[in-house]
Amino acid sequence: MTEALTIGEAMASIRTSAPLQLGGAAHLSMAGSETNVAIGLARLGHEVSWAGVVGADQPGALIRRTLRAEGVGTRFVRTSEASFTGFITFDQPAHDITRVGYHRAGSAGSTLTARECVSAVTAAAPRLLHLTGITPALSATAREATLAAARAAHTAGVHVTLDVNYRARLWSRDEATVALRELLPYVHTVFASEDELNLLTGQRGTAEDLPAGGPAEGLLAGGVAEDLLADGVAEVVVTAGAKGAHCHTAVGTLHQPALPVTVVDSIGAGDAFVAGYLSGVLDRLPVAERLRLAATVAAFCVGARGDWEGLPHREELILLSYGGGAAVR
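Residues numbered from 1 in each chain as written. Predicted model: local features only at pLDDT ≥ 70, side-chain atom pairs only at ≥ 80, totals over all residues. Heavy atoms only, no water.

Here we come to the overall build of the chain. Within the chain one finds nine helices and 14 strands. Its C-alpha atoms give the chain a radius of gyration of 19 Å, near enough to 20 Å, the size a compact globule of 329 residues would have. Relative to all contacts within the chain whose residues are 6 or more apart in sequence, the contacts with residues 24 or more apart total 70%. Per element, the accessible surface of the chain, about 13,500 Å² overall, is 55% carbon and sulfur. Considering the chain, the positive charge centre built from 25 side chains and the negative charge centre built from 33 side chains are found 4 Å apart. (Helix = DSSP H or I, 4+ residues; strand = E, 2+ residues; numbered from the N terminus. Rg over C-alpha atoms; globule rule 2.2 N^0.38 Å. Contact = heavy atoms within 4.5 Å. Areas by Shrake-Rupley, 256 points an atom, 1.4 Å probe, with all protein chains shown as cover. Lys, Arg positive; Asp, Glu negative; His and termini not counted. Charge placed at Lys NZ, Arg CZ, Asp CG, Glu CD.)

Put simply, the largest pocket is a space of about 1,100 Å³. Lining the largest pocket are 46 residues, and of these Ser266, Gly268, Ala269, Gly270 and Asp271 lie nearest its centre. The set of elements that each furnish at least two residues to the lining of the largest pocket consists of helix H1 (33-43), strand E6 (87-94), strand E7 (97-103), strand E10 (189-193), helix H8 (269-282) and helix H9 (287-302). In terms of residue count, the dominant contributor to the lining of the largest pocket is H8 (five residues). Taken together, the residues of the lining of the largest pocket sort by class into 25 nonpolar, twelve polar and nine charged. Space inside the second largest pocket adds up to approximately 370 Å³. Arg15, Gln92, Thr98, Asp265 and Arg305 are the residues nearest the centre of the second largest pocket, which is lined by 24 residues in total. Within the residue set of the lining of the second largest pocket, elements represented by two or more residues are strand E2 (11-15), strand E3 (27-31), E6 and E7. (1 Å grid on protein atoms, 1.4 Å probe; cavity = no way out; pocket = protein on both sides within 12 Å on 5 of 7 lines; lining within 4 Å. Points joined across faces, edges and corners; volume = space filled by probe spheres on them. Nonpolar A, V, L, I, M, F, W, Y, C, P; charged D, E, K, R; others polar.)

Among the five residues in strand E12 (residues 245-249), five count as buried, and that is most of the element. Side chains Ala245, Cys247 and Thr249 of E12 all project onto a buried face; the interleaved residues His246 and His248 project onto the opposite face, where all are buried too. Inspection of the sheet shows strand E11 (residues 235-239) paired to E12 by four bridges, in the antiparallel sense. Its bridge partner lying in E12, valine 236 is registered against histidine 248. Hairpin geometry of E11 and E12 is characterised by an intervening segment of five residues between the two adjacent antiparallel strands and by a positive phi of about 60° at glycine 241. In this sheet, strand E13 (residues 252-256) lies alongside E12 in antiparallel orientation, the contact comprising five bridges. Within E13, the residue paired with threonine 249 across the bridge is glycine 252. Connecting the antiparallel pair E12 and E13 is a turn made up of two residues. (Buried < 20%, exposed > 50% of the residue type's maximum accessible area, 1.4 Å probe, protein only. Pairing = 2+ DSSP bridges.)

We now examine the packing of H1 against H8. Running from amino to carboxyl end, H1 crosses H8 at an angle of 50°, the nearest separation of the two axes being 8 Å. One way to sum up the angle between H1 and H8 is to call them oblique. Crossing of H1 over H8 shows right-handed handedness. Between H1 and H8, the contacting residues are Ser33, Asn36, Val37, Gly40 and Leu41 on the first element and Asp271, Val274, Ala275, Leu278, Ser279 and Leu282 on the second. (Axes fitted to C-alpha atoms, helices over the stretch in contact; angles between N-to-C directions. Parallel < 35°, antiparallel > 145°, perpendicular 65-115°, else oblique. Left-handed = near helix turned anticlockwise from the far one by under 90°.)

On to the side chain of serine 80. Here serine 80 lies in strand E5 (residues 73-80). Classification of serine 80 by relative accessible area gives buried; the value is 7%. At 3.3 Å, the side chain of serine 80 and the backbone nitrogen of alanine 82 are in polar contact. (Polar contact = N/O pair within 3.5 Å; in protein donor to acceptor, adjacent residues only side chain to side chain.)

The next subject is the sheet that holds E3. The sheet built from four strands is open, its strands ordered E3-E2-E6-E7 with mixed pairing. Only two strands of the sheet have a single neighbouring strand rather than two, namely E3 and E7. On average, each strand axis in the sheet is tilted by 30° relative to the strand beside it, whichever way the strands run. Across the sheet, helix H2 (residues 58-69) is in contact with E2 and E3; its angle to E3 comes to roughly 70°.

Moving on, we come to the confidence of the model for the chain. If pLDDT is low for a region, its predicted coordinates should not be looked at in detail. Looking at the chain, the pLDDT average stands at 90 and 91% of residues meet or exceed 70. Overall, residues 205-222 carries pLDDT values under 50, and its contacts beyond four positions in sequence, including any with other chains, amount to 26 contacts. Segment residues 324-329 is flagged for pLDDT under 50; beyond a separation of four residues in sequence, or across chains, it makes 18 contacts in the model. (pLDDT = per-residue confidence, 0-100.)

Okay, the packing of aromatic side chains next. What the rule picks out here adds up to one aromatic pair. Judged by centre distance (5.4 Å) and plane angle (85°), the rings of phenylalanine 191 and tyrosine 277 are edge-to-face. Here phenylalanine 191, found in strand E10, pairs with tyrosine 277, found in helix H8; they are 86 residues apart in sequence, far enough to count as distant. This pair shows no difference in class: phenylalanine 191 is buried, exactly as tyrosine 277 is. One Lys or Arg, arginine 104, reaches over the ring of tyrosine 102 and ends 4.8 Å from the middle of that ring. (Phe/Tyr/Trp six-rings, centres within 6.5 Å; stacked < 30°, edge-to-face > 60°. Lys NZ or Arg CZ within 6 Å of the ring centre and 35° of its normal.)

A few words now on the environment of lysine 243. Of note, lysine 243 is situated in the loop between E11 and E12. Residue lysine 243 is classed as partly exposed on the basis of its relative accessible area, which comes to 48%. In this structure, the C-alpha to C-alpha distance between lysine 243 and valine 178, residues 65 residues apart in sequence, is 29 Å.

So this is what it looks like as structure tokens:
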């Protein structure tokens, strides 16, 4: 039985430690929010599969090979002969700045269909389905596929989670609001950064516009998280980088501080946090324990370069003392 299923786009990634235009040595790997989460769950000991589309090319083969090596199931991966595997570049115009470039318009991942996603949900019969706001931004068919998968999973009693993961270069905030709100009736757990959460309610403004008293407190006081809970979402997890994370539920709010570690590369930290939290969901841990685990997995990730390379295996969690305590408010 598959414990978890993720659906989305995976790309080949190219990393350089200097501006890409200068050429020189580069590191080739793979990247993708949903596959990052899948790898994180697999390393924590869970049975997980990824559904997506890759091109009939070498980057597509790299993605399949990497996922298999990491213990992620690939039986729901389709190979497209008519389109290419997208790729993403990471270069450094300055020592503390990472610049991201996308080359994904018309990619194989954007050809994802509702039929194959519903088929994957049905065949996998997972306990948990994880989606992000990236996939519906790729194309009209990918948007339909994301909605169909969420609806099918919800109908089957599957725990559906959504990471907003807003990408301004893929669509506008207004477009994202419309598409993401379509998903909400089927979603149990929402993950969002402080400035993404209002995309789900249609409220205007960003974290800077919120009342004083702390960013997450401002969001709750402003009614954003409250509105989502009232609409039927069971958990609203708001991440704030070095300031930690808050989880809002009907019974109250928990805060988890970030672990004090040296940050080498913050790329992938959000996906690592989500993987840790979802591992706690699958292990039926209480919310406070899920947050501790999520913070610990994220701390491992930021200590190494790469989207997923620094993700810990379960037996390694003790090396960071499994996080700090979550404070109840």
